[in-house]
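The lines below spell out each chain.
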Amino acid sequence: MIRTPLTDLLGIDHPILQGGMAWVATWQLAAAVSEGGALGIIGAGNAPVEWVREQIRQTKAHTDRPFGVNIPLFSPVAEQVMALAIEESVPVLTTGAGNPSPYVERLKQAGIIVIPVVASVALARRLERQGVDAVIAEGEESGGHIGTVTTLSLVPQVVDAVSIPVIAAGGVADGRGLVAALALGAAGVQMGTRFVCTEECIAHANYKDAIIKANERATLVTGVTIGHPVRCLRNPMSREFESMEKAGVPEAEVVEFGTGRLQMAAMKGDVLNGTVMAGQISGLVHDVLPAADLIERISQEAASLLARLPTFLGAREEPA
Ligand code: TUI
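Cut-offs and rules
- Residues numbered from 1 in each chain as written.
- Predicted model: local features only at pLDDT ≥ 70, side-chain atom pairs only at ≥ 80, totals over all residues.
- Heavy atoms only, no water.
- Helix = DSSP H or I, 4+ residues; strand = E, 2+ residues; numbered from the N terminus.
- Contact = heavy atoms within 4.5 Å.
- Pairing = 2+ DSSP bridges.
- Axes fitted to C-alpha atoms, helices over the stretch in contact; angles between N-to-C directions.
- Salt bridge = Lys/Arg side-chain N within 4 Å of Asp/Glu carboxyl O.
- Near = heavy atom within 4 Å.
- Polar contact = N/O pair within 3.5 Å; in protein donor to acceptor, adjacent residues only side chain to side chain.
- Areas by Shrake-Rupley, 256 points an atom, 1.4 Å probe, with all protein chains shown as cover.
- Nonpolar A, V, L, I, M, F, W, Y, C, P; charged D, E, K, R; others polar.
- Parallel < 35°, antiparallel > 145°, perpendicular 65-115°, else oblique.
- Buried < 20%, exposed > 50% of the residue type's maximum accessible area, 1.4 Å probe, protein only.
- Domains from an automatic or database assignment.
- Buried area = accessible area lost by both parts, 1.4 Å probe.
- Left-handed = near helix turned anticlockwise from the far one by under 90°.
- Core = buried A, V, L, I, M, F, W, Y, C linked by side-chain atoms within 4.5 Å.

### Here we look at the side chain of S142
Inspection of the secondary structure assignment puts S142 in the loop between β6 (135-138) and β7 (144-145). Excluding residues that lie within four positions of it along the chain, S142 makes contacts with A169, G170, R231, A278 and G279.

This is the structure we're talking about:
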């Protein structure tokens, strides 16, 4: 097992977080991941508070291990879900798609471990000063809402700027990714796309199949012109979205066109007309397996890779 400041902070066995993906990361996945010794995270998305409450209660009923809730900050009910997280004494709270500064003090006073996603060094620095426990440095390889810096560039720069643990996200789906993140100075990784393709994830089978069929060039980024960049699989929907943006269709119309499309793909399985959010690492995902088996596989692969690294370097130095 790989022990890092992150496993110590969270009381987990493996330095792995499961991304809190909207409509996809429900209690079934979060509980299975936490039971598997990593950190399962419920994706609150922009769902109603009572739906999130039920997710938290079910997670608690199915695991005694720590778990988290993710709140995308553009959710119209972000404030109410924060209050719910405090009321329910959720162990860990992660945020995405914005600056969580207004909430940090209240969450810390409630004893919650706060881990925001950042896409820049400046925000990581600011949030460390405000007292967050760790940050997730997420590269633009990720699926869903993204920043503009790659994981390989962002992670070591955030690591150098802060003293709290840094979690690398974006482009990680196996033991090699975990080892690479540790080499950059990260204390662990967060994976989203890889965890979609697990048995416990409630995403429609078509969504999982689309990721398994995808290669490294299968994604594109929509929403740049409306200030909401989202990486998703190339399909008739995302191509149409892209051409509407290129044609200069008014923002309100573009937003309207995109609304509800993630649920269409994730829940109804319409992977042609829905938005299939997924990262560039999709090409590395080949199977659907139990979450605990995936965590065990990645952990063992990383441990064996770490043990063999000096041999790789030595072997290359040998004369031909
Ligand atoms: O949050 C995400 N990814 C998401 S949230 C989401 S929800 C949704 N989206 C569309 C339709 C339906 C549901 C889907 N994907 N990732 C974390 C993340 N956060 N990536 C980048 C950032 C980020 C960007 C800018 C974090 C902070 C930030 O700061 C800006 C500032 O104000 O300084």
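### Considerations on the sheet that holds β7
Taken in spatial order, the three strands line up as β7-β11-β10 in an open sheet, and their pairing is antiparallel. Because the sheet does not close on itself, it has two edges, and the strands there are β7 and β10 (219-222). Direction of pairing for β10 relative to strand β11 (residues 230-233): antiparallel, over a ladder of four bridges. Each bridged residue has a counterpart across the sheet, and for V221 the counterpart in β11 is R231. Most of the contacts of helix α11 (residues 236-246) go to β10, to which it runs at about 40°, and overall it touches β10 and β11.

### Re the pattern of salt bridges
If the charged atoms of two oppositely charged side chains come close together, the side chains can form a pair. Counted under the stated rule, the structure contains twelve salt bridges. Here E88 ties to K60 by a salt bridge, and the two come within 2.9 Å at their closest N and O atoms. In this pair, E88 is assigned in the loop between α4 (78-87) and β4 (92-96) and K60 in helix α3 (residues 49-62), connecting sequence segments 28 residues apart. Of the charged contacts, one joins D133 and K108 as a salt bridge, the two residues approaching to 2.7 Å between their closest N and O atoms. Taken together, the positions of D133 in the loop between α6 (121-130) and β6 and K108 in helix α5 (residues 101-109) put the pair 25 residues apart, joining distant regions of the chain.

### A few points about the site of the ligand
Neighbouring the ligand are 16 residues; A97, G98, V117, E138 and H145 lie closest to it. At a separation of 2.9 Å, a nitrogen atom of the ligand approaches a polar backbone atom of A97. In the model, a nitrogen atom of the ligand is placed 2.9 Å from a nitrogen or oxygen of the H145 main chain. Surface burial for the ligand is 74%, taken as the share of its 730 Å² of free accessible area covered by protein chains. For the shell around the ligand, the class distribution of residues is eight nonpolar, seven polar and one charged.

### A look at the packing of α11 against helix α12 (residues 251-258)
For the pair α11 and α12, the least separation of the axes is 10 Å and the interaxial angle reads 175°. The angle between α11 and α12 falls in the class roughly antiparallel. Contacts between α11 and α12 involve M237, E240, F241, M244 and E245 on the former and, on the latter, E253, V254, F257 and G258. Here the residues of the contact of α11 with α12 are counted per class, giving five nonpolar, one polar and three charged.

### Focus on unusual backbone geometry
We note that W23 has phi near 65°; this positive angle belongs to a residue other than glycine. Here W23 shows up in the loop between β1 (16-18) and α2 (27-35). Unusually for a residue other than glycine, A97 sits at a positive phi of about 60°. As for its placement among the helices and strands, A97 is situated in the loop between β4 and α5. Residue classification places A97 among the partly exposed residues on the basis of a relative accessible area of 30%.

### Considering the domain arrangement of the protein chain
You can read the domains of the protein chain as domain 1 (5-202 + 284-304) and domain 2 (219-266). Between domain 1 and domain 2, the C-alpha centre-to-centre distance is 25 Å. In this assembly, twelve residues from domain 1 lie in contact with eight residues from domain 2. Summed over both sides, the interface between domain 1 and domain 2 buries roughly 780 Å², with carbon and sulfur atoms accounting for 61% of that surface.

### A look at the packing of α2 against α3
Look at α2 against α3: their axes get within 9 Å of each other, and the N-to-C directions meet at 35°. Note that α2 runs across α3; the crossing there is right-handed. From α2, W27, A30, A31 and E35 reach across to α3, where they touch Q55, Q58, T59 and H62. Grouping the constituent residues of the contact of α2 with α3 by class yields three nonpolar, four polar and one charged.

### Regarding the nonpolar core
Judged by nonpolar contacts, the single largest core of 82 residues is most densely connected at F195 and Y207. Looking at which element gives the most residues to this core, the answer is helix α14 (residues 291-317), with six residues. Looking at this core, you find at least three residues from each of domain 1 (5-202 + 284-304) and domain 2 (219-266). Those residues in contact with Y207, other than ones at most four positions away along the chain, are V196, L262, A265, A266, V271, T275, V276 and M277. Core analysis: the second largest hydrophobic core is formed by 15 residues, L39, I41, A134 and I136 among them.

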